Amino acid sequence: PLSRTLLLLVLLHCSDAFNKVTPKHVALICDGNSRWAEQRNLHPSIGHAKGAEVLTSSIRHLRDRGVEICTFYGFSTENWSRSSTEINAIWTVMERAAMSFYDTAIAENVRVRILGDLDDDRIPTSLRDALTRLEMDSGGRNGHDALQSQADSGESTSTLVTPGGDDLMVCIAI
């Protein structure tokens, strides 16, 4: 849930181990946004929007800490069992987040890589276009096809090709 993401950030900030050794790759599962909203008598779409805000700040925090790769799971097969209204709300939030993150990604050398099937007809064309533009313009595909190859082969994430320098690669699993 959203609270778990915040807890993770607090633990990362306070952890002596994290202060001594920074992991190269951190993965986040976007889970619990609907429950967070329901607990506050809010529409699930508000929970998804809040989750996107937390995710953006998490990406910045991880970059500032020296993490090289951040993978987040934005939409899983289980999400297809949600109502079409909620699925569309998730797509809308993802599209807005991609569009609002675009300038930051370009300006701050954040490479975005999309993992998954963007050719799936159930994903709105406007979202596919926004994610493809973000990935291509941020350099997420340039020279990083090894990332997909390694992920597909089940190779350890500790050996993933990383951007190097001060760059951060953000992988969005959809």
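Refer to the structure above for everything that follows.
Along each chain, residues carry numbers from 1 onward, in the same order as the chain's sequence is written. Confidence filtering applies because this is a predicted model: local features only for residues at pLDDT of at least 70, side-chain atom pairs given and counted only at 80 or more, and all residues used for totals across whole chains, interfaces and linings. For side-chain calculations, the full set of non-hydrogen atoms in the structure is used, while hydrogens and water are omitted.

Caption draft 1: Just the packing of aromatic side chains, in detail. The pairing test for Phe, Tyr and Trp rings, Trp by its six-membered ring, is centres within 6.5 Å, and the orientation test on the planes gives stacked under 30 degrees, edge-to-face over 60, and tilted for anything in between. By the definition in use, this model includes three aromatic pairs. Among the aromatic residues, those joined into a ring-pair cluster are Phe75, Trp80 and Trp91. Our definition puts a charge over a ring when NZ of Lys or CZ of Arg is within 6 Å of the ring centre and also within 35 degrees of the ring normal. A cation over an aromatic ring shows up here: Arg122 above the ring of Trp80, its NZ or CZ 3.9 Å from the ring centre. Positioned over the ring face of Tyr102 is Arg133, at 3.8 Å from the centre of the ring.

Caption draft 2: The arrangement of the pairing of strand 1 (residues 25–29) in detail. Taking every second residue as pointing to the same face, the buried face of strand 1 carries Val26 and Leu28, while none of His25, Ala27 and Ile29 on the other face is buried. A pair of strands is treated as paired once DSSP finds two or more bridges between them. Counting from the N terminus, the helices are the DSSP runs of H or I reaching at least four residues and the strands are the DSSP runs of E reaching at least two. When strand 1 meets strand 2 (residues 69–73), the two strands line up parallel, connected through five bridges. Paired with His25 across the bridge in strand 2 is Ile69. Relative accessible area decides the class of each residue, using a 1.4 Å probe on protein chains only: under 20% of the type maximum gives buried, over 50% gives exposed, and in between gives partly exposed.

Caption draft 3: Up close: the pattern of salt bridges. Here, a salt bridge means any Lys or Arg side-chain nitrogen found within 4 Å of an Asp or Glu carboxyl oxygen. Per the stated rule, a full pass over the model turns up five salt bridges. Here Arg82 ties to Glu86 by a salt bridge, and the two come within 2.7 Å at their closest N and O atoms. A salt bridge links Arg133 to Asp137, with the nearest nitrogen and oxygen atoms 3.7 Å apart. One end of the pair is Arg133 and the other is Asp137, both in helix 6 (residues 125–137) and four residues apart, which spans about a single turn. For Arg133, a relative accessible area of 46% gives the class partly exposed. You can call Asp137 partly exposed: its relative accessible area is 42%.

Caption draft 4: Layout of the sheet that holds strand 3 (residues 110–115). Pairing in this open sheet of four strands is parallel, and the strands run 1-2-4-3 from one edge to the other. Sheet topology places strand 1 and strand 3 at the edges, where each strand pairs with a single neighbour. Across the sheet, the mean angle separating the axes of adjacent strands is 20° when strand polarity is ignored. Judged from the six bridges that link them, strand 3 and strand 4 (residues 168–173) form a sheet pairing that is parallel. Bridging across to strand 4, Val112 finds its partner in Val170. Whether two residues are in contact is decided by their heavy atoms, any of which lying within 4.5 Å being enough. For every element, the axis is a line fit to its C-alpha atoms; helices are fit only across the contacting stretch, and the angle between N-to-C directions ranges from 0 to 180 degrees. In the packing of helix 4 (residues 44–64) onto the sheet, the strands contacted are strand 1, strand 2, strand 3 and strand 4, and the crossing angle to strand 2 comes to about 160°.

Caption draft 5: Focus on the layout of surface pockets. Space inside the largest pocket adds up to approximately 610 Å³. Cavity and pocket criteria rest on a 1 Å grid covering protein atoms alone: a 1.4 Å probe that fits but cannot get out defines a cavity, protein on both sides within 12 Å along at least 5 of 7 lines defines an open pocket, and an atom within 4 Å of a point defines a lining residue. What lines the largest pocket is a set of 36 residues, among which Cys30, Leu55, Phe72, Tyr73 and Gly74 lie closest to the centre. If you list the elements that add at least two residues to the lining of the largest pocket, you get helix 1 (2–14), strand 1, helix 3 (33–39), helix 4, strand 2, helix 5 (84–107), helix 6 and strand 4. Considering every element that reaches the lining of the largest pocket, the biggest residue donor is helix 4, with seven residues. Grid points are joined across faces, edges and corners, and a volume is the space filled by probe spheres set on the points.

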